[in-house]
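# Analysis of the macromolecular model
The primary structure of each chain is shown beneath.
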Amino acid sequence: DVKVTQSSRYLVKRTGEKVFLECVQDMDHENMFWYRQDPGLGLRLIYFSYDVKMKEKGDIPEGYSVSREKKERFSLILESASTNQTSMYLCASSLSGAYYNSPLHFGNGTRLTVT
Amino acid sequence: KNEVEQSPQNLTAQEGEFITINCSYSVGISALHWLQQHPGGGIVSLFMLSSGKKKHGRLIATINIQEKHSSLHITASHPRDSAVYICAVILLTGNQFYFGTGTSLTVIP
């Protein structure tokens, strides 16, 4: 079974802090994604990566950056946390190639609160 | 406007009832996923389909590509089915997933 592990389930940070959210997958997946989930808005894509050192902006990249130095690890960085970044953050991975045959595998999520 | 619309947003059912959750989308897709999210956050992929029908236990998913519509059915519902069910589509044009806002299902014993 694919395992996607997010480093923290709950995180509380202060406004202005630099925040790192880590995600590791163990199935050699090419694609990795960071989403945030807010009530009534569903899942929104922040960034995704289809290969090491490659990244693409999603729908809401402002205030975030990412790093993918190794295939299995995809990090989301909040350069200067703000209260409107309080949310549930979900990491996911999938195989490359024929996407219709490649389900998304999600981590358990990190609930971030910025005070 | 969201490319993926789900209905209903909230659903309460008695144990044993047959449940249907609907998903409509407005774009060309290569496949559609049904996902399940339990309280606490983790999301699990239930089905991935690009045509026809799939069944797994008490869950059945159907898709009509021409009508751009999919349904998730739960037969003989049980309290452990209580969760948020999310429809997601993969666009023909890229490797991105687009998500509905979810249907929150509560099954009462």
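Nothing here was measured: the structure is a model prediction, and the numbers come from that model.

## Quick word on the side chain of A:Arg68
All names here are of chain A. Topologically, Arg 68 is positioned in strand 7 (residues 64-70). Although Arg 68 is buried, it forms no salt bridge, and the closest oppositely charged side chain is Asp 51 at an N-O distance of 6.0 Å. A polar side-chain atom of Arg 68 sits 3.1 Å from the main-chain carbonyl oxygen of His 29. Within the local environment of Arg 68, its side chain forms a polar contact with the side chain of Ser 49, the two groups lying 3.0 Å apart. Arg 68 has contacts with Gln 25, His 29, Glu 30, Asn 31, Met 32, Ser 49, Tyr 50, Asp 51, Val 52, Lys 53, Arg 73 and Phe 74, leaving out every residue within four places of it along the chain.

## Points about the pairing of strand 4 (residues 29-37) of chain B
Residue and element names in this part refer to chain B. Counting buried positions over the nine residues of strand 4 gives eight, a clear majority of the element. Of the pairings in the sheet, the one linking strand 4 to strand 5 (residues 43-49) comprises six bridges and is antiparallel in character. Paired with Leu 35 across the bridge in strand 5 is Ser 45. Adjacent in sequence and paired antiparallel, strand 4 and strand 5 are bridged by five residues, among which Gly 40 carries a positive phi angle near 105°.

## Section: the pattern of salt bridges
Residues and elements named next belong to chain A. Considering all chains together, one arrives at eight salt bridges over all chains under this definition. One salt bridge connects Asp 38 with Arg 36, and the closest N-O pair in it is separated by 2.8 Å. Overall, the relative accessible area of 12% leaves Asp 38 in the buried class. Judged by its relative accessible area of 8%, Arg 36 falls in the buried class.

## Here we look at the interface of chain B and chain A
Across the contact, 20 residues belong to chain B and 24 residues belong to chain A. With both chains or domains summed, chain B and chain A bury close to 1,700 Å², and 63% of this area falls on carbon and sulfur atoms. Linking chain B with chain A are zero salt bridges. Across the chain B-chain A interface, the total number found is one residue pair in polar contact (both at pLDDT 80 or more). Secondary-structure elements contributing two or more residues to the side of chain B that touches chain A are strand 4, strand 5, strand 9 (83-91) and strand 10 (97-99) of chain B. Ranked by residue count, the leading element in the side of chain B that touches chain A is strand 4 of chain B, at five residues. A breakdown of the residues in the side of chain B that touches chain A according to their chemical character gives nine nonpolar, eleven polar and no charged.

## Some details on the sheet that holds strand 3 (residues 19-25) of chain B
Residue and element names in this part refer to chain B. Read across the open sheet, the five strands follow the order 1-3-8-7-6; overall the sheet is antiparallel. This sheet does not close on itself; its edge strands, each paired only once, are strand 1 (4-7) and strand 6 (52-56). The average undirected angle you get between the axes of adjacent strands in this sheet is 15°.

## Comments concerning the environment of A:Leu95
Residue and element names in this part refer to chain A. Tracing the backbone shows Leu 95 in the loop between strand 9 (87-94) and strand 10 (105-106). Here Leu 95 falls in the partly exposed class, since its relative accessible area comes to 40%. With 67 residues separating them along the chain, Leu 95 and Asp 28 place their C-alpha atoms 8.0 Å apart. When neighbours within four sequence positions are excluded, Leu 95 is seen to be in contact with His 29, Glu 30, Asn 31 and Ser 102.

## Topic: the packing of aromatic side chains
All names here are of chain A. Under the criterion given, the structure shown has seven aromatic pairs over all chains. Ring plane angle 20° and centroid distance 6.0 Å describe the contact between Phe 33 and Tyr 35, whose orientation is recorded as stacked. The same class applies to Phe 33 as to Tyr 35, namely buried. Between Tyr 35 and Phe 106, the aromatic rings sit 6.2 Å apart at their centres with planes inclined by 40°, giving tilted as the arrangement. Of this pair, Tyr 35 sits in strand 4 (residues 31-38) while Phe 106 sits in strand 10; the two residues are 71 residues apart in sequence, bridging distant segments of the chain.

About the criteria used
Residues numbered from 1 in each chain as written. Chains lettered and ligands numbered in written order. Predicted model: local features only at pLDDT ≥ 70, side-chain atom pairs only at ≥ 80, totals over all residues. Heavy atoms only, no water. Helix = DSSP H or I, 4+ residues; strand = E, 2+ residues; numbered from the N terminus. Buried < 20%, exposed > 50% of the residue type's maximum accessible area, 1.4 Å probe, protein only. Lys, Arg positive; Asp, Glu negative; His and termini not counted. Salt bridge = Lys/Arg side-chain N within 4 Å of Asp/Glu carboxyl O. Polar contact = N/O pair within 3.5 Å; in protein donor to acceptor, adjacent residues only side chain to side chain. Contact = heavy atoms within 4.5 Å. Pairing = 2+ DSSP bridges. Buried area = accessible area lost by both parts, 1.4 Å probe. Nonpolar A, V, L, I, M, F, W, Y, C, P; charged D, E, K, R; others polar. Axes fitted to C-alpha atoms, helices over the stretch in contact; angles between N-to-C directions. Phe/Tyr/Trp six-rings, centres within 6.5 Å; stacked < 30°, edge-to-face > 60°.

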